[in-house]
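Tertiary structure, described
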Amino acid sequence: MRFLLADLLSRGGRSLLAGLSGFAALALATPAEAQQGQPLTVQIRPGQVSSGLPGIEVACTAARREQKANLRCEVRYDAPVQVAAVRVVERGTTDWTTTFNAFDPNADATAFLFVVDRHDPRRAETVRRISRDFTDIVTRLGPNQQVAIASYNAALDLLAPFTKDGRDAARAFQRVRAEGTTAELFRSLLEAVTRLEQVQAPNKVIVIASDGRTDDSTVTVDQVIAAANRARIRIISLGYAERAAAVNDLQVLRRLANDTNGTYVEIPVGSREIPQPFRDTLLTRFATGGVIEAEAPGALPPSAEVTIRHSDNRTAQFTVLLGERGTAEQPQQSAPVGSPGNPERMRPRGEVVLEWTPRGIYAWILDSYARIGAIVALLLVALLALLKLVTGRRKPRLATPIPPAHLGPQGAFPGQPPFPGQGTGHGPLPGQGPLPGQPPLPAQPPLPGQPPFSGQPPFPGQVPSGFRGAPPPFPAGPSPAGPSFQQPGGPAPFPGGHPQGAGFQPPPAPSPAASNDDWTQLPKAGDQPKPAMEPKPESLPAAVLEFADGKKVQVAKPQLVIGRHSEDDIRIEDITVSRHHASLTRLPSGKYEIRNLTASRGEPNPVLVNGIYREHAELSNGDILTVGGITLTFRQGG
């Protein structure tokens, strides 16, 4: 045997041995290539997902082996679920040979970076509770998982580097203290993405607890989202609002989670504790799912429909489109949709993704009754705010001052009846000529309660009893017959002459100097009526409003408005003062009245007089006025 081997080696056996070795290598390589198969292009079209299922992420690859298509899909869930069965169907009729292997939670190698927002010393209790809950989570770290601890205010501080020892990393939370006044949220997250990107791990997650406040001036939320998606890093956001009014600040955390295929959890304001179910599943939520492997029964089909049924009978469906690489029908794709480098995100049925198109916005609104109700409520609130804004810009109608006591109708004083024949409906006096524009009237009987004329005139200067004022003028008009008698001040002939005779001369009208309390001169035609009760202007004492700082404002108008609006007469630029807050009106007595113009509103802004809420009040010298948060002292005659 040794001789034969030596002879072969010496006589060209080396060439034969090399040939046999090459043939053996080719024989061994052929099954391996056949086992790997020819890669196929894959595209995923999401289908129906039952309501209530967590978010699903699918990544598929396909290959041709022995003229048959083989499909491999990784399915991951956002929360633990149990898969009962998987079915792959070709053209709706032909079933593929299918198996499903669930992920082993102990084999998960996800890398987590926990980040705590520690700005503002007033948040010390919140920071302490976050550190306590994160410590409880990190101590449950799986054998192949990695974790690192960081905190931030103005910058990101790495407290513990990446390690597989969860208990050792959890000790770093003891060094977290609430301090600083600046919160560089986006800048710190961008640095966290850079650090996590350098770690070798199949899945990478940033878990951040924050109140959503951001003082960034150079980094934006879009930059953080873009960097996280490039590095295939998810962001889990835990929103902590110190008070109910600060809940709106948490919206940026919601967007960070939604746009990176992460999860957002809003912590109740009162408890400040992470819900226990979320704490129990945080580290295992990305190890939930499994691998689907399926083989087609025949030649390469154009597509296959995958249905996953869960233990509660809820289902998730998607379609896989298959094609040859390098063909004209299916050009080669470097990163097709649904590949491991770009997984397809699937959402439960009924949860419509918002697309910024008219059709997409319409579908998103109609997708949920709660969403429709919320939008209707927002529209109503916006309409009410618009109405309030429009009515607030209009200067309120001020209270009309008490009118002066003018003379009554047809020259009569208040409380006195009109003169006979002057708009009373009784017509002219007996024997009086016609009214202007009317035909002559026959003689009328005397007024009720008056004796008939007997040809005897009244005594000189006598007027009917009950009158206060000058004798009434005689009616105008031409006399139909006989001489006429004219009274000074205007023609007023009697038909047929005066009853006392043609030579009768009436007494002269009393002069203003001879007037007494029983006679008041009536106004002439065209005169403006004068107030009977308004005091003379020179008798009204000046009014002044004095501010707390000693500044004084003269009340120069009978009526003015106090408020914050630029059109107000006395403008007070203070946020506690309404735009048209109060009016100040001078009364006929010479005093002033203050009136709260906001009293009729839904939420009136108070006006206090000497510490008492008043809608309106008559003021005296030295009264203390409170308009909003401003104190004034009313001075008049002091």
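Here is a short report on the structure shown in this document. (Residues numbered from 1 in each chain as written. Predicted model: local features only at pLDDT ≥ 70, side-chain atom pairs only at ≥ 80, totals over all residues. Heavy atoms only, no water.)

**Regarding the overall build of the chain**
Along the chain, the regular secondary structure elements total ten helices and 27 strands. Put simply, the chain has 638 residues, and 35% of those count as buried. At a minimum sequence separation of 6, the contacts of the chain that also span at least 24 residues come to 64%. Surface accessibility of the chain: about 37,200 Å² in total, with carbon and sulfur atoms responsible for 55%. (Helix = DSSP H or I, 4+ residues; strand = E, 2+ residues; numbered from the N terminus. Buried < 20%, exposed > 50% of the residue type's maximum accessible area, 1.4 Å probe, protein only. Contact = heavy atoms within 4.5 Å. Areas by Shrake-Rupley, 256 points an atom, 1.4 Å probe, with all protein chains shown as cover.)

**Quick word on the sheet that holds strand S9 (residues 156-163)**
Ordered by their spatial adjacency, six strands build an open sheet running S9-S8-S7-S10-S11-S12, and the pairing between neighbours is mixed. The sheet is open, and its two borders are formed by S9 and strand S12 (263-267), each paired with just one other strand. Geometrically, the sheet is characterised by an average inter-axis angle of 15° between neighbouring strands, direction not taken into account. Taken strand by strand, helix H5 (residues 185-197) contacts strand S7 (111-117), strand S8 (146-152), S9, strand S10 (204-210) and strand S11 (233-240), and its axis lies near 155° from that of S10. (Pairing = 2+ DSSP bridges. Axes fitted to C-alpha atoms, helices over the stretch in contact; angles between N-to-C directions.)

**Topic: the sheet that holds strand S21 (residues 582-586)**
Read from one edge to the other, the open sheet built from five strands follows the order S20-S19-S21-S22-S25, with strand pairing classed as mixed. Bordering the open sheet on either side are strand S20 (570-571) and strand S25 (616-618), each of which pairs with just one other strand.

**What about the state of the cysteines?**
The bond known as a disulfide is covalent and runs between the sulfur atoms of two cysteines. Under the criterion given, the structure shown has one disulfide. Between the sulfur atoms of Cys60 and its disulfide mate Cys73 the distance is 2.0 Å. Judged by the sign of its S-S torsion, about 115°, the cystine formed by Cys60 and Cys73 is right-handed. Of this pair, Cys60 sits in strand S2 (residues 56-65) while Cys73 sits in strand S3 (residues 68-77); the two residues are 13 residues apart in sequence, bridging distant segments of the chain. (Disulfide = S-S within 2.5 Å.)

**A closer look at the nonpolar core**
Membership of the largest hydrophobic core comes to 33 residues, with the highest contact counts inside it found for Val115, Leu185, Ile206 and Leu256. Broken down by element, this core gets its largest block of residues, six residues, from H5. Ignoring anything within four residues of it in the chain, the contact list for Leu256 reads Leu189, Val221, Val224, Ile225, Ile235 and Ser237. With 32 residues, the next largest nonpolar core counts Phe112, Val138, Val265 and Ile274 among its residues. (Core = buried A, V, L, I, M, F, W, Y, C linked by side-chain atoms within 4.5 Å.)

**Side note on the side chain of Asp216**
Inspection of the secondary structure puts Asp216 in the loop between S10 and helix H6 (221-230). Lacking a salt bridge, the buried Asp216 has Arg187 as its closest oppositely charged neighbour, with an N-O distance of 6.5 Å. A distance of 3.0 Å separates a polar atom in the side chain of Asp216 from the backbone nitrogen of Phe186. A distance of 2.5 Å separates a polar atom in the side chain of Asp216 from a polar atom in the side chain of Thr214. Asp216 has contacts with Ala183, Glu184, Leu185, Phe186 and Arg187, leaving out every residue within four places of it along the chain. (Lys, Arg positive; Asp, Glu negative; His and termini not counted. Salt bridge = Lys/Arg side-chain N within 4 Å of Asp/Glu carboxyl O. Polar contact = N/O pair within 3.5 Å; in protein donor to acceptor, adjacent residues only side chain to side chain.)

**A look at the pairing of S11**
A large share of S11 lies buried, amounting to eight of its eight residues. Burial along S11 is two-sided: the face carrying Ile233, Ile235, Ser237 and Gly239 and the face carrying Arg234, Ile236, Leu238 and Tyr240 are both buried. The pairing of S10 with S11 spans seven bridges and is classified as parallel. Among the inter-strand pairings, Ser210 is bridged to a residue of S11, identified as Gly239. Taken together, S10, H6 and S11 form a β-α-β motif whose crossover is right-handed. With helix H7 (residues 251-258) bridging S11 and the parallel S12, this β-α-β connection has right-handed handedness. (Right-handed = clockwise from strand over helix to strand, strands pointing away.)

**Focus: the side chain of Ser188**
Positionally, Ser188 belongs in helix H5. A relative accessible area of 2% means that Ser188 is categorised as buried. Other than its neighbours up to four places away in sequence, Ser188 contacts Tyr152, Ala155 and Leu156.

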